[in-house]
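# Structure at a glance
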Amino acid sequence: MLNKYDYLYNGEESLLILINPVIKLFGLFIYILLILLKFDRLLFIINIGLVFLLILLSNVKLTKYLKIIWKLKYLIILLYAYLYYKNLEIVEINIIIFKLIFLLMYIWVIIYTTNKEELSRGLSIILNKINLIGIPIKKITMFFINVYSFIEYFIDTYNEYINKIEREGKVFLDSNIFNKLVIFFKNFKIIWQISYRKLNLRKKDLKYRLFDTKEVSKYKYRRRLCLFDYLYVLINIGMIVYYILKVR
Amino acid sequence: MEIILNQLYCIDNKKTSMEKKYLDDVNLVINKGSIVGFVGENLRIIGDLIMAIKRPSKGEVKLDSLIIKRTSHIDNVLNLRKKVGCVYSSNIDIAIDETVKSLLKKTMKNYGYKPSNITKHMVDSLKIVGLDDSFLNREIKTLSSTEMKKVKLACVISYNPEVIILENFEKGLIYREREYFRKLFLKLKNKFKKTIILITTDLSFLFEIVDKVFVINNGKLVISDDKDIFYEDKLYKYVEMPNIISFTKYAQQEDHHISEYTDIKELIKELYRNVK
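How each quantity is defined
- Residues numbered from 1 in each chain as written.
- Chains lettered and ligands numbered in written order.
- Predicted model: local features only at pLDDT ≥ 70, side-chain atom pairs only at ≥ 80, totals over all residues.
- Heavy atoms only, no water.
- Pairing = 2+ DSSP bridges.
- Helix = DSSP H or I, 4+ residues; strand = E, 2+ residues; numbered from the N terminus.
- Axes fitted to C-alpha atoms, helices over the stretch in contact; angles between N-to-C directions.
- Core = buried A, V, L, I, M, F, W, Y, C linked by side-chain atoms within 4.5 Å.
- Buried < 20%, exposed > 50% of the residue type's maximum accessible area, 1.4 Å probe, protein only.
- Contact = heavy atoms within 4.5 Å.
- Salt bridge = Lys/Arg side-chain N within 4 Å of Asp/Glu carboxyl O.
- Buried area = accessible area lost by both parts, 1.4 Å probe.
- Polar contact = N/O pair within 3.5 Å; in protein donor to acceptor, adjacent residues only side chain to side chain.
- Domains from an automatic or database assignment.

Let's shift gears to the sheet that holds strand β8 (residues 195-200) of chain B. In sheet architecture, strand pairing relies on hydrogen bonds along the backbone and comes in two forms, parallel and antiparallel. All names here are of chain B. Overall, mixed pairing links the six strands, which are arranged β6-β7-β8-β3-β9-β10 in an open sheet. With partners counted over all chains shown, the strands left at the sheet margins are β6 (84-87) and β10 (220-226), one partner each. When strand polarity is set aside, the average angle formed by the axes of neighbouring strands in this sheet is 15°. Pairing analysis gives four bridges linking β6 to strand β7 (residues 163-167), with the strands arranged parallel. Following the sheet pairing, V84 is matched in β7 by V163.

Looking now at the sheet that holds strand β2 (residues 20-30) of chain B. Residue and element names in this part refer to chain B. Pairing within the open sheet is antiparallel, and its four strands lie in the order β2-β1-β4-β5. Edge positions in the open sheet fall to β2 and β5 (66-68), since each of these has one partner strand only. Between one strand and the next, the sheet's axes are offset by a mean angle of 20°, whatever the strand orientation. Relative to β5, strand β4 (residues 58-63) is paired through three bridges, and the arrangement is antiparallel. Bridge pairing in β5 links L63 to L66.

B:L23, B:F38, B:L153, B:F185, B:I197 and B:F230 are the most contacted members of the largest nonpolar core, which totals 91 residues. If you tally residues by element for this core, the top one is helix α5 (residues 145-158) of chain B, at seven residues. When residues no more than four places from it in sequence are discounted, the contact partners of B:F38 are B:L28, B:I30, B:L43, B:I46, B:I197, B:L198, B:I199, B:T200, B:F214 and B:I216. Membership of the second largest hydrophobic core comes to 38 residues, among which are A:Y31, A:V60, A:V109 and A:I111.

Position of B:N168 among the secondary structure elements: in the loop between β7 and α6 (175-190). When sequence neighbours within four positions are dropped, the list of residues in contact with B:N168 reads B:K149, B:I199, B:T200 and B:T201.

Moving on: the pattern of salt bridges. Throughout the structure, instances matching the rule amount to 27 salt bridges over all chains. Across the salt bridge formed by A:K67 and A:D6, the nearest N and O atoms sit 3.0 Å from each other. Linking A:K67 in helix α3 (residues 62-71) with A:D6 in the segment before α1 (21-36), this pair joins segments that are 61 residues apart in sequence. Judged by relative accessible area, which is 38%, A:K67 ranks as partly exposed. A salt bridge links B:D202 to B:R178; the nearest nitrogen and oxygen atoms lie 3.2 Å apart. One end of the pair, B:D202, is in the loop between β8 and β9 (212-217); the other, B:R178, is in helix α6, with 24 residues separating them in the sequence. Taking relative accessible area as the criterion, B:D202 reaches 24% and is therefore assigned partly exposed. Assessed through its relative accessible area of 15%, B:R178 is described here as buried. What you see here is one network of salt bridges that share partners, running through A:K164, A:E168, B:E98 and B:K106.

Once that is clear, we can look at the interface of chain A and chain B. Each partner contributes residues to the interface: chain A has 25 residues there, and chain B has 30 residues. Summed over both partners, the interface of chain A with chain B comes to about 2,300 Å²; 53% of that surface belongs to carbon and sulfur atoms. By the criterion of area lost to chain B, the three top residues of chain A are A:R167, A:E168 and A:D174, representing 28% of everything that side buries. The interface formed by chain A and chain B includes three salt bridges. Note that A:E168 is salt-bridged to B:K106, the shortest N-O span being 3.2 Å. The interface formed by chain A and chain B holds 10 residue pairs in polar contact (both at pLDDT 80 or more) in total. Taken together, the elements giving at least two residues each to the side of chain A that touches chain B come down to α7 (137-167) and α8 (177-207) of chain A. The element best represented in the side of chain A that touches chain B is α7(A), accounting for seven residues.

A separate point is unusual backbone geometry. All names here are of chain B. Its identity as a non-glycine residue notwithstanding, D25 has a phi of 55°, on the positive side. Checked against the element boundaries, D25 lands in strand β2. On the basis of relative accessible area, D25 is assigned to the partly exposed category, the value being 33%. Of note in this structure, A52 is not a glycine but carries a positive phi near 60°.

On to the domain arrangement of chain A, then. Residues and elements named next belong to chain A. You can read the domains of chain A as domain 1 (1-115 + 221-248) and domain 2 (116-216). Computed from C-alpha coordinates alone, the two centres of domain 1 and domain 2 are separated by 25 Å. Across the contact, 16 residues belong to domain 1 and 20 residues belong to domain 2. On the domain 1 side of the contact with domain 2, M1, L2 and N115 bury the most area, a combined 37% of that side's loss. For the pair domain 1 and domain 2, the number of links is one salt bridge. A salt bridge links D156 to K4; its shortest N-O distance comes to 3.6 Å. Our count for the domain 1 to domain 2 interface comes out at five residue pairs in polar contact (both at pLDDT 80 or more). For the side of domain 1 that touches domain 2, the element with the most residues is α1, which contributes three residues.

Have a look at this one:
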């Protein structure tokens, strides 16, 4: 069964919650840029170290991040084998795998420490910069919120459906990976349809305001940039400047 | 099958802000061939633990000789699940494109139950729950929630398990249907030696049929007592008092000498005989 909080906002009180989501996404962009550019040992260590620091500051257990990596172990092994087949050196392969693993962990740090509304807002602000068609920013935000909500409903429906078929006599959780994949793909369509139905009901609720507006949000996000935002931006720009001056 | 819950913990997302405690150090024994009532919120986890759909965070579930722990391996899960049946309501039933007949057939096939005359067996299973054979060809989507519950109970009865677990089964049933199912559960217990676990928040459904009542509040087992508990005040700190009991207590406070009944017909007779 899938644990919803392995894939969604965790709500833990931490320093990273205070950082603006646009700044977090900017940091992610810089990280992706640096892993694609020319390799430098010091920059690599600083990059990896920064991600590790963010993981510690997120106040979410390290085992959660490692669980995500563990679930992708077969893909990582395949990638390792492919790169080895392409005659890359072991050191280079290890560096590439490390970069990808830490990229995944960086993405999950952002997901675990950013509420869905704020993450969607951050993504829509960034996309609005390249919005040539003129789509209203609210619509872009709602699109991302719907995607996030759909993932939540999908996981809930998946868990409910698997429980139901287990009670009807199909052994899923205690079977091998091939049986699990077969059962999953056989029932994927119905789980998708039910999740989509729940999403449509949610849209209806929002349209007619059928939800409880008195619910207090746990998210302590500050609209103005704070010291940590500037520090974060400074570190990322510092890495780019270092790359331009010393590495390139 | 005797069921023992031994120092059982079931906690999701432990030590996080999303922590959810289903069971917290629960110790109890469910005797073979008895009807027990569980009163509390979020208790469908009990059925999931007994069927080994979910593993406990700590502690163990003992089913005769089989022990289910967090990391224990079960050789043949299906053999265990053949002996247990769960009837839970679910929102996703309305999206299923199946008929009642195909659902019954699929359940019996999954559990390896092969009767000599499959159609007769399906009709008999439906009759036991008060549905006629016209329901065989009806689609699941077209059933009401009470009809769906009855069909699920028929599916469970079709493969003849030793333990039947029902969650909020009484919700939506009319008085006549409630009495019918209470008699049915008594018959299943007395004649066929089945163990029946009723998970409910409505105590009036448990009157006269239940052997033991377990009340679980915030994961803790707060009350574990037999059927004489219904007139004790300690029970009503955790659950709503049924009308018959609140009426009797009120009448006793007003100096009317009424005995403590849980059967409404007996209470009416008593009132007719004694109250001026």
